[in-house]
Amino acid sequence: MTEASMPPDLPDSRFRPLLTHALDGWRMSGTGHFTWRDTGSAPVLESVGGPGLLWYAAESFADCLLRVDWRIMNLTDNSGVFLRCPPLADDPSVAYAQAYEIQIDDRGVDNEGGRMDSPLHLTGAVYRLSPALERAGNPPGQWNRFDILAQGGDLTVWLNGRRVCRLEGGDRRTEGHIALQNHHEGSQAQFRMLAVCPL
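A brief report on the enclosed structure follows. Note that the coordinates shown come from a computational prediction; the quantities given were computed from them, not determined experimentally. (Residues numbered from 1 in each chain as written. Predicted model: local features only at pLDDT ≥ 70, side-chain atom pairs only at ≥ 80, totals over all residues. Heavy atoms only, no water.)

### Some thoughts on the overall build of the protein
Counting its secondary structure elements, the protein contains 1 helix and 13 strands. What you see in the protein, going N to C, is helices and strands ordered as β-β-β-β-β-β-β-α-β-β-β-β-β-β. Residues classed as buried in the protein amount to 48% of the 199 residues present. Considering only intrachain contacts with a sequence separation of at least 6, the fraction spanning at least 24 residues in the protein is 68%. With the model as given, the accessible surface of the protein reaches about 9,100 Å², and the carbon-plus-sulfur share is 48%. Charged side chains of the protein number 18 positive and 25 negative; the gap between the two group centres comes to 2 Å. (Helix = DSSP H or I, 4+ residues; strand = E, 2+ residues; numbered from the N terminus. Buried < 20%, exposed > 50% of the residue type's maximum accessible area, 1.4 Å probe, protein only. Contact = heavy atoms within 4.5 Å. Areas by Shrake-Rupley, 256 points an atom, 1.4 Å probe, with all protein chains shown as cover. Lys, Arg positive; Asp, Glu negative; His and termini not counted. Charge placed at Lys NZ, Arg CZ, Asp CG, Glu CD.)

### Brief notes about the environment of Pro11
Relative to the elements of secondary structure, Pro11 occurs in the segment before strand E1 (16-17). Taking the relative accessible area as the measure of exposure, Pro11 reaches 44% and is therefore partly exposed. Along the backbone, Pro11 and Leu180 are 169 residues apart, and their C-alpha atoms lie at a distance of 24 Å.

### A closer look at the pairing of strand E4 (residues 44-48)
Most of E4 sits out of view: 4 of its 5 residues are buried. Across 2 bridges, the pairing between E4 and strand E13 (residues 190-198) is antiparallel. Directly across from Leu45, in E13, lies its bridge partner Phe191. (Pairing = 2+ DSSP bridges.)

### A word on the pattern of salt bridges
In total, this model carries 12 salt bridges according to the counting rule given. The salt bridge partner of Asp117 is Arg135, with a shortest N-O separation of 2.2 Å. Separated by 18 residues along the polypeptide, Asp117 in the loop between strand E8 (100-104) and strand E9 (144-151) and Arg135 in the loop between E8 and E9 bring together distant segments of the chain. One connected set of salt bridges, linked through shared partners, spans Asp12, Arg67 and Asp147. (Salt bridge = Lys/Arg side-chain N within 4 Å of Asp/Glu carboxyl O.)

### Re the sheet that holds strand E5 (residues 52-56)
On the basis of which strands lie adjacent, the open sheet formed by 5 strands has the order E2-E5-E12-E7-E8 and antiparallel pairing. Both outer strands of the open sheet, strand E2 (26-30) and E8, are each paired with one neighbouring strand and no more. Adjacent strand axes in the sheet meet at a mean angle of 20°, parallel and antiparallel pairs treated alike. Summarising the sheet, E2 and E5 pair through 5 bridges and their orientation is antiparallel. Counterpart to Met28 in the pairing with E5 is Leu54. (Axes fitted to C-alpha atoms, helices over the stretch in contact; angles between N-to-C directions.)

So far we have only geometry, and geometry alone does not tell us how the molecule works.
Okay, here's the thing in structure tokens:
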């Protein structure tokens, strides 16, 4: 592998964890919510209902490296990690038009196109803007890691250490908030770590 194909090797000390048990600084937009679930080892944050976005209102970020540990429990689970969201009120739809979503959907469902396995809708894609180049996710029930590098209009996504997506020259917002998606009733996307390193 070339150096560019690997996630940036930054020390853990440069990352700031944003998920706390009290969800300090986070707000909910839309329907549904997130809840902490005891898994027997460590609590995980799980999506409930939807559609909605849990967004980090306390701070916005421009260029950064975002590291997220997540898993789905069933193949039909769907979620996303959003970067550069505008401030959100009760309607999260503005984020879909102005922010960037890193997709979590192992089926790659494209409802508008009426197909499955759409590269623009697969896990790791910058949703509808840049395709996932390969499937690198672990099966449902196993943890995955996103490393998401945002620099200007360029976004690079690594999934479990493999570079799966590269968007160059994106023309959406260059600064904004981070958010997690609760997609629909019955979906059980879980998160155990989300940390950011401003660049």
